[in-house]
Amino acid sequence: MKRQSSRLIGINTKHMIRHRCAAIVSSSSVGYPPRPVIGLQPHFLPWTVLAKEGSCFRFFGTGVEKDSQSQQQDQQQQDHFLYNRNLVQTRDYESYVIGLLHPPTIQPSYFALRALHVELASIQAKDTAVATMRMKWWLDALQTLTTLSMADDGTSQSAAALRGNPTLLGLEYAIQRHNLSHRFLERIVETRLADLERGNQGRFDNFQEMMLFFERTHSTLLFLNLECCGVVDEEADKVAHCIGISTGIVNMIRSIGYGHVGLPRDLVVKYGVDEGYMNDPRKLIQGEDPEGRRAIQDAVMDMAMVAGDYLAHARSHQGNIPGEGKCAMLPAVSCLRYLERLESVDYDVFEDKIREIEHRDTLTARWWRFGHLMYLARAHLTGVF
C-alpha cells in the first residue's frame with residue numbers, strides 16, 4: 001500500500017535525480033502506417049495470437065456454452081477490442097506491433113489504453129477551444145466510469161452514453177479485469193487538459209516542464225500497462241518512468257521535421273533558433289539556412305542526450321522487472337533504434353535518412369519497419385532491450 005500511494009501522488013524530484021531519473025509527460029507522435037511490414041503478414045508471427053479482419057479470437061469468455069445474452073456481450077466486447085486495435089494500428093503503428101507481442105489475454109486492455117492515448121494526442125492538435133471541450137468530455141467520462149463503474153447497468157443517461165464509446169468500454173473491461181488505478185487514468189487527461197488551458201499547444205517554457213509533462217502522461221501510461229501485466233512493483237515503476245520520459249522526448253524530436261517543432265523555449269533561446277521555423281521548417285529542409293538548421297541540430301542533440309541518459313538508466317535496471325512485465329518495456333526498443341539513427345546523421349532531423357523512415361511506402365521506411373520488428377522480436381524473446 002505504501003508503494004501504491006507514492007505512485008499516485010507523483011514521483012519525488014530529488015529522489016529520482018539520485019536515480020538519474022528526475023521526475024520530470026506528451027503528445028504522442030502518432031501516425032504510423034496501418035499496413036504490415038513488407039509482405040510480412042501478422043499471422044506469420046508464431047509468438048502472438050492475432051485477430052483477423054472482421055473476426056477475433058475469443059479473449060473474452062471461457063469457451064463454456066453460454067446463453068444468448070452472454071454471447072451477445074462477448075461479441076460486443078470483441079467488437080470494442082477490434083475497434084481499439086484498428087485505431088492504434090492506423091494511428092500509432094509501433095505501439096500496435098508492440099501490442100501484438102503482449103499475451104492475448106492482455107491485448108484488449110493494452111489496446112484500450114493505447115486507443116485512449118491516441119484519442120487524447122489527436123485532440124491536442126486541434127483548435128484550442130474545441131480541444132478543451134473534448135478533453136473535458138474525456139475527463140468527465142473517465143470520472144463517471146471511475147465513480148459509477150457502470151454499476152447501474154446503463155440505466156442512467158451518462159452511463160448509457162459511455163457505453164456507446166468503444167474505447168471507454170475497453171477501459172471499463174481493463175479496470176474490472178486488472179484493477180487499474182483510476183487516478184492514473186485521470187492524471188493523463190488532467191495533464192493534457194491543463195496544457196491546453198495554458199495555451200501552450202505542445203510548447204514548453206523549459207526542458208524541466210517538458211519532462212514533467214512526459215512523466216505524467218507517457219510514464220503513467222506505462223504504469224497502467226504494467227498493471228495490466230499484473231506487475232505492481234517499485235523497481236519496475238522506476239524503469240517505466242525513465243522509458244516514458246525518453247519516449248516522449250524522442251516523439252517530440254521526430255515531430256520537428258514536419259512543422260511541429262517542439263523545442264522548449266529555453267533551448268530556443270540558448271541556441272538562437274529562429275521562431276519562424278517553429279511551424280514552417282521548409283527552408284531548413286531545402287538547405288536555404290544552414291545556420292538555422294545547425295541551431296536546431298544543436299538543440300536536438302541536447303534533447304537526445306537526455307533521452308539517452310534515461311534509456312541508459314532503464315537498461316541498467318531492466319533486470320529488476322518481473323518477467324510478466326517485460327513486454328510493457330518494449331517502447332524502449334523504438335527509442336533506442338531512433339536515437340542510434342539520429343546520431344549517425346549528427347542529430348540533423350532534416351536529413352533524408354531520418355525523414356524517410358516516417359513515410360509509408362518508401363523502401364527505406366519498409367526496411368526500417370522490418371528491422372524494427374526484428375529488434376522487437378529479439379527483445380520480446382530474450383527479455384532484454
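Per chain, residues are indexed from 1 in the order of the written sequence. In view of the model being predicted, local features appear only for residues whose pLDDT reaches at least 70, and side-chain atom pairs are presented and counted only at 80 or more, with totals across whole chains, interfaces and linings using the full set of residues. Hydrogens and waters are ignored; side-chain quantities use all the structure's heavy atoms.

1. Some words on the packing of aromatic side chains
Where we set the bar: Stacked, edge-to-face and tilted are the three classes for Phe, Tyr and Trp ring pairs, Trp counted by its six-membered ring, which pair at centre distances within 6.5 Å; planes under 30 degrees apart are stacked, over 60 edge-to-face, the rest tilted. Strands here are runs of E lasting at least two residues and helices are runs of H or I lasting at least four, both read from the DSSP assignment and numbered beginning at the N terminus. Three labels apply to residues, based on accessible area from a 1.4 Å probe with only protein chains included: buried if under 20% of the type maximum, exposed if over 50%, partly exposed otherwise in between. Charge over a ring is defined by NZ of Lys or CZ of Arg lying within 6 Å of the ring centre and within 35 degrees of the ring normal.
Per the stated rule, a full pass over the model turns up ten aromatic pairs. A ring pair is formed by F184 and F223, whose centres lie 5.7 Å apart and whose planes are at 45°; its orientation type is tilted. Of the two residues, F184 sits in helix 9 (residues 182-197) while F223 sits in helix 10 (residues 207-228), which places them 39 residues apart along the sequence. Assessed through its relative accessible area of 0%, F184 is described here as buried. The buried category is assigned to F223, whose relative accessible area is 1%. Judged by centre distance (6.3 Å) and plane angle (70°), the rings of F204 and F214 are edge-to-face. Of the two residues, F204 sits in the loop between helix 9 and helix 10 while F214 sits in helix 10, which places them ten residues apart along the sequence. For F214, a relative accessible area of 0% translates into the label buried. Above the plane of the ring of W368 lies R337, whose end atom (NZ or CZ) is 4.0 Å from the centre.

2. What about unusual backbone geometry?
A positive phi is found at D346, a non-glycine position, where the angle reads about 60°. By relative accessible area, which is 38% here, D346 ends up partly exposed. A positive phi angle, close to 65°, is found at Y347, a residue other than glycine. Inspection of the secondary structure puts Y347 in the loop between helix 15 (331-344) and helix 16 (352-355).

3. Here we look at the packing of helix 15 against helix 17 (residues 363-382)
Selection rule: Angles run from 0 to 180 degrees between N-to-C directions of axes, and those axes are lines fitted to C-alpha atoms, restricted for helices to the stretch in contact. Here the word oblique covers every angle except those under 35 degrees (roughly parallel), over 145 (roughly antiparallel) and from 65 to 115 (roughly perpendicular). Handedness of a crossing follows from how the near helix is turned relative to the far one, being left-handed for an anticlockwise turn of less than a right angle and right-handed for a clockwise one. Whether two residues are in contact is decided by their heavy atoms, any of which lying within 4.5 Å being enough.
Closest axis-to-axis distance for the helix 15/helix 17 pair is 10 Å, and the angle between their directions is 135°. Taken together, helix 15 and helix 17 sit at an angle that is classed as oblique. Remark: the crossing between helix 15 and helix 17 carries right-handed chirality. Between helix 15, through V333, S334, R337, Y338 and R341, and helix 17, the contact on the second element is made entirely by T364, W368, G371, H372, Y375, L376 and A379.

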